[in-house]
Amino acid sequence: MRRIKVIDSHTAGEPTRVVVEGGPTLGRGSAADQLRVLRAHHDRFRSAVVNEPRGSDVVVGASLVEPQDRSCAAGVIFFNNVGYLGMCGHGLIGVVTTLAHLRRLAAGTHRIETPVGVVTATLHPDGTVAVQNVRSHRLAGAVRVEVPDLGVVVGDVAWGGNWFFLTGGLAEPIELGNVERLTALAWRVRQAVNAAGFPQVDHIELFGPPRAAGADARNFVLCPGKAYDRSPCGTGTSAKLACLAAEGRLAEGRPWVQEGILGTSFSGSFRREGEGVIPTITGAAFVTAESTLLLDERDPFCWGIQA
């Protein structure tokens, strides 16, 4: 019987499951090196942690690893129901909140090593976390793709720690009661974007007008495994900031309040760096459970139910 200690939290409604003990040995390399080992030799561990019967399609896993960069307080590898994520904004907020819950971090600024680079997280006394993300940029603007039964959709391809196609102005309202239609639409858009020469895009971000006072936009984000992000999406907000900067629509340092499908929000801003921006995303997470996952090889679904 193998035991894996985890702490669950949610950030603006989106769950994060942090593995704090019992993960596989991944060597002494960087977080990127350790991710490669995890993917190549221990992928069933990923499935066991986040997939049914212990998890669900929406759960994002975060495995704490030893950072190669000794200036970092921790290293982390993010994963979901179908694979791995370069960075995860809501997940990083969840990781910092979890480490504070474990008394491993105090209020202040901390460096965290991820597979796509080192990010900086500031834990404020009120429990909110400001994540200074990796450099983000818009790869292509006003990309036109033909979506069957929908017509031409125009959007941007951008990197915010993951690859996104961002588009707005579609007829479907961005509201919780409409998630099935939004999911179907976003999935078709993703297939069209991939076929149009952007196979790296695995997140689709749809925009509409905000509902909450003080918000700038409302979004629906479809994640790689076809689950929608309950939060406003940290890497998606980073990609949005990169697009706004590229278009000259948002000044450096000015706040952008991104509302998600649940009505929760992240506050973002950026500073310019080269051809891209360094986004900072602020939000809050709440610990919901401390658990021990039990892996019994006699169980036919010991390593998760996979499609």
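Scroll up for the structure.
The sections below set out a description of the structure shown in this document. What you see is a predicted model, and the numbers here were worked out from it, not measured in a lab.

1. Some details on the overall build of the protein chain
Right, so step 1: If you tally the helices and strands in the protein chain, you get five helices and 17 strands.
Right, so step 2: The C-alpha radius of gyration computed for the protein chain amounts to 19 Å, which stays within 12% of the reference 19 Å derived for 307 residues, consistent with globular compactness.
Right, so step 3: Overall, the C-alpha framework of the protein chain stretches about 55 × 45 × 35 Å when taken along its three principal axes.
Right, so step 4: Expressed as a percentage of the 307 residues in the protein chain, the buried residues total 55%.
Right, so step 5: In the protein chain, of all internal contacts separated by at least 6 residues, the share reaching a separation of at least 24 is 62%.
Right, so step 6: Counting only carbon and sulfur atoms, one obtains 49% of the accessible surface of the protein chain, whose full area is about 13000 Å².
Right, so step 7: For the protein chain, the distance from the average site of its 30 positive side-chain charges to the average site of its 30 negative ones is 3 Å.

2. Remarks on the environment of P115
Right, so step 1: Turning to its location among the elements, P115 is positioned in the loop between strand 6 (108–114) and strand 7 (117–123).
Right, so step 2: We classify P115 as buried; its relative accessible area is 18%.
Right, so step 3: Once residues lying within four places of it in the same chain are set aside, the contact partners of P115 are A31, A32, L35, V76, I77 and G86.

3. Here's the deal with the packing of aromatic side chains
The description of an aromatic ring pair rests on the distance of the ring centres and on the angle between the ring planes.
Right, so step 1: Counted by the stated rule, this structure contains three aromatic pairs.
Right, so step 2: Ring plane angle 25 degrees and centroid distance 5.8 Å describe the contact between F220 and Y228, whose orientation is recorded as stacked. Residue F220 shares its accessibility class with Y228, and that shared class is buried.
Right, so step 3: The ring of Y228 carries R230 above its face, with NZ or CZ at 3.8 Å from the centroid.
Right, so step 4: One Lys or Arg, K240, reaches over the ring of F207 and ends 4.2 Å from the middle of that ring.

4. A closer look at the nonpolar core
Right, so step 1: Counting residues in each nonpolar core, the largest one holds 68 residues, and the members touching the most others are F78, L92, F165 and F220.
Right, so step 2: Examining the composition of this core, we find that seven residues originate from one element, helix 4 (residues 179–195), more than from any other.
Right, so step 3: Counting 19 residues, the second largest nonpolar core, distinct from the first, contains L35, V65, F79 and W303.

Cut-off values and rules
- Residues numbered from 1 in each chain as written.
- Predicted model: local features only at pLDDT ≥ 70, side-chain atom pairs only at ≥ 80, totals over all residues.
- Heavy atoms only, no water.
- Helix = DSSP H or I, 4+ residues; strand = E, 2+ residues; numbered from the N terminus.
- Rg over C-alpha atoms; globule rule 2.2 N^0.38 Å.
- Buried < 20%, exposed > 50% of the residue type's maximum accessible area, 1.4 Å probe, protein only.
- Contact = heavy atoms within 4.5 Å.
- Areas by Shrake-Rupley, 256 points an atom, 1.4 Å probe, with all protein chains shown as cover.
- Lys, Arg positive; Asp, Glu negative; His and termini not counted.
- Charge placed at Lys NZ, Arg CZ, Asp CG, Glu CD.
- Phe/Tyr/Trp six-rings, centres within 6.5 Å; stacked < 30°, edge-to-face > 60°.
- Lys NZ or Arg CZ within 6 Å of the ring centre and 35° of its normal.
- Core = buried A, V, L, I, M, F, W, Y, C linked by side-chain atoms within 4.5 Å.

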